[in-house]
Amino acid sequence: GFPPKVFSFKKGETTYSLNALPLGGYVKIHGENPEDADNKKDNRNFQNISWWKQIVILSAGVIFNILFAWFLMSLSLFIGTSKIALDGVQDKYIKGERQVLIHQILKDSPADKAGIKAGDYVLSVNGSSTTDIKQVQDSIKTAPSPFSIVTSKNNATSSIQVEKLENNTIGVGLAETATVNMGIFPSLYYGAQATYNLTTQIFAGVLTFFGKLFTGQGSWDEVSGPVGIAKVVGSSSQEGFASLLFITILISISLAAMNILPFPALDGGRIVIAIIEGFMRRKLPIKFVNTLNSIGFILLLVLMLVVTVKDIL
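The notes below deal with the structure included here. Bear in mind that the values here come from a model prediction, so they are computed numbers and not experimental data. The residue numbers shown here count from 1 along each chain, following its written sequence. Thresholds applied to this predicted model are a pLDDT of at least 70 for local features of residues and 80 or more for the giving and counting of side-chain atom pairs; totals over whole chains, interfaces and linings are not thresholded and use all residues. Side-chain calculation: all heavy atoms of the structure are included, whereas hydrogens and water are not.

Next up on the list: unusual backbone geometry. In this chain, Pro3 is followed by Pro4 through a cis amide linkage whose omega measures 15°. Strands are runs of DSSP state E lasting at least two residues, helices are runs of H or I lasting at least four, and both sets are numbered from the N terminus onward. Residue position: Pro4 is located in strand β1 (residues 2-11). In this model, Ser145 is joined to Pro146 through a cis peptide bond whose omega is 5°. Among the structural elements, Pro146 can be located in the loop between α3 (133-142) and β6 (147-153). For Asp108, which is not glycine, the phi dihedral falls at a positive 65°. For Ala265, which is not glycine, the phi dihedral falls at a positive 85°. By the secondary structure assignment, Ala265 is in the loop between α6 (241-259) and α7 (267-280). Taking relative accessible area as the criterion, Ala265 reaches 31% and is therefore assigned partly exposed. With a 1.4 Å probe rolled over the protein chains alone, any residue whose accessible area is under 20% of its type maximum counts as buried; one over 50% counts as exposed, and the rest are partly exposed.

In structure tokens form, the structure reads like this:
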């Protein structure tokens, strides 16, 4: 966590501490800041080690976030979960019936206006039962407009009337799910596969969001801060342990995606500086680096403030 400190103990040269704010963690290392390079002969000082070693150290947090997500994903597959897309999973690991999950609703789409929510499962379309994505898509395509769609969530069913767009869609993202349960080694393999797919999606989403933000096309509805995360975690915990695990996986990968961005004050920004200094074979001016990091830190605080206010409102 972040300070204030609750308690700490020292083992060897390292102080371990538990802090009051559970919004993440940090590691403070010897020679972390540019002005700490006061002794050029101190080869344990971060500022005095080679640039590629600095990159390895600066990447450790991001790498661990992804490894932690892999561990949780594998754990969820081992204990059994229904919160996973089934692409590539062998039938022998699938227990029970397949279901079609609505995992995304496009804003102002027919589905959004009709009141369909992300997290709903599709039971039938226009009176026809559905068990896979193709059945849902075909049924929507051939149904008249408006048509009825029956969904379920938390054992409650709803019948909703939906209008179609001209291209025979209603603006939903679908994923095929079922209860998946497997042994240790298959769970590690499929956990790595699922983590890789999720990581590429989240990284692409973060880059797209900031790309839109800098061109004036971004929407603050796409992001949440600590307040929004607390709400989502609370809702997920009510749906069961597997759902809480999946949200933790999403948060862990999202932290990795944010932290590796080439932005001052983030690990990604510091990696860029280490690469530049490696090519130049000399250190950038301390005042320049500190000013850059200070500007980046202020901008991050402003971003956090805006997102938190949006979440509260």
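Every angle, taken between N-to-C directions, lies between 0 and 180 degrees, and every axis is a line fitted to C-alpha atoms, over only the stretch in contact when it is a helix. At their nearest, the axes of helix α1 (residues 51-79) and helix α4 (residues 184-214) sit 8 Å apart, and the two run at 130° to each other. The orientation of α1 with respect to α4, classified from their angle, is oblique. The hand of the α1/α4 crossing is right-handed. Here Ile66, Ala69, Trp70, Met73, Ser74, Leu77 and Phe78 of α1 lie close against α4, whose contacting residues are Ile184, Ser187, Leu188, Tyr190, Gly191, Ala192, Ala194, Thr195, Leu198, Thr199 and Phe203. By the convention adopted, Pro, Cys, Tyr, Trp, Phe, Met, Ile, Leu, Val and Ala count as nonpolar, Lys, Arg, Asp and Glu as charged, and the other residues, Gly among them, as polar. For the contact of α1 with α4, the residue count by class is 13 nonpolar, 5 polar and no charged. Roughly parallel covers angles under 35 degrees, roughly antiparallel covers those over 145, roughly perpendicular covers 65 to 115, and oblique covers all other angles. Whether a crossing is left-handed or right-handed is set by the direction in which the near helix is turned from the far one by less than a right angle, anticlockwise for left-handed and clockwise for right-handed. Should any heavy atoms of two residues lie within 4.5 Å, those residues are counted as being in contact.

Now for the pairing of β6. With respect to burial, β6 is a largely interior element, 5 of its 7 residues being buried. Across 4 bridges, the pairing between strand β4 (residues 121-125) and β6 is antiparallel. Residue pairing across strands places Val125 opposite Ile149, the latter belonging to β6. In this description, strands pair whenever DSSP reports at least two bridges between them. Of the strand pairs in this sheet, β6 and strand β7 (residues 156-162) are connected by 7 bridges, and their pairing is antiparallel.

Here the focus is the packing of aromatic side chains. Centres within 6.5 Å make a pair out of two Phe, Tyr or Trp rings, where for Trp the six-membered ring is used; the pair is then stacked when the planes are under 30 degrees apart, edge-to-face when over 60, and tilted otherwise. Applying the stated criterion across every chain, the model contains 5 aromatic pairs. With a centroid separation of 6.4 Å and an interplanar angle of 35°, the aromatic rings of Phe2 and Tyr26 are classed as tilted. Of the two residues, Phe2 sits in strand β1 while Tyr26 sits in the loop between β2 (14-21) and α1, which places them 24 residues apart along the sequence. Judged by centre distance (6.2 Å) and plane angle (10°), the rings of Phe64 and Phe68 are stacked. In this pair, Phe64 and Phe68 both sit in helix α1, 4 residues apart, roughly one turn of the helix. Overall, Phe64 belongs to the exposed group, its relative accessible area being 53%.

Attention now moves to the nonpolar core. For the purposes of this section, nonpolar cores are sets of buried Ala, Val, Leu, Ile, Met, Phe, Trp, Tyr and Cys residues that join through side-chain atoms within 4.5 Å. Leu198, Ile202, Val206, Phe210, Ile249 and Ile253 are the most contacted members of the largest nonpolar core, which has 17 residues in total. Among the secondary structure elements, those contributing two or more residues to this core are α1, α4, α6 and α8 (286-312). Tallying contributions element by element places α4 first for this core, with 6 residues. Setting aside anything within four residues of it in sequence, one finds Phe210 in contact with Met258, Leu261 and Leu303. Ile140, Phe147, Ile149 and Leu174 belong to the second-largest nonpolar core, a separate cluster that totals 15 residues.

We now examine a nonpolar patch on the surface. Candidates for patches are residues over 30% relative accessible area with no salt bridge; among them, like charges are joined within 9 Å and nonpolar side chains (Val, Leu, Ile, Met, Phe, Trp, Tyr) within 5 Å. Each accessible area value is a Shrake-Rupley result obtained with a 1.4 Å probe; residue values ignore everything except the protein chains displayed when judging cover. What makes a salt bridge here is a side-chain nitrogen of Lys or Arg within 4 Å of a carboxyl oxygen of Asp or Glu, nothing more. A surface patch of nonpolar side chains, about 1,200 Å² in accessible area, is lined by Ile63, Phe64, Leu67, Phe68, Trp70, Phe71, Phe78, Ile79, Ile184, Phe185, Leu188 and Phe241. Going through the elements one at a time, α1 and α4 are the ones with two or more residues in the nonpolar patch. Considering each element in turn, the nonpolar patch owes the most residues, 8 residues, to α1. Within the secondary structure layout, Trp70 lies in helix α1. The class of Trp70 is partly exposed, set by a relative accessible area of 33%.

Along α3, the residues that are buried comprise Val136, Ser139 and Ile140. Along the axis of α3, the buried residues cluster in a sector spanning 100°; they form a single face. Exposed residues pointing more than 90 degrees away from the buried face of α3 are listed as Lys134, Lys141 and Thr142. The N-terminus of α3 is capped by Asp132, whose side-chain oxygen sits 3.1 Å from the backbone nitrogen of Lys134. Here, the arc refers to the directions that run from the helix axis to the C-beta atoms. The definition of a polar contact used here is a pair of N or O atoms within 3.5 Å, where within protein one atom must be able to donate a hydrogen and the other to accept one, and adjacent residues in sequence count solely through side-chain atom pairs.

For the rest of this paragraph, the subject is the pairing of β2. Relative to β2, β1 runs antiparallel, the two being bridged by 7 bridges. The residue of β2 that forms the bridge with Phe7 is Leu18.

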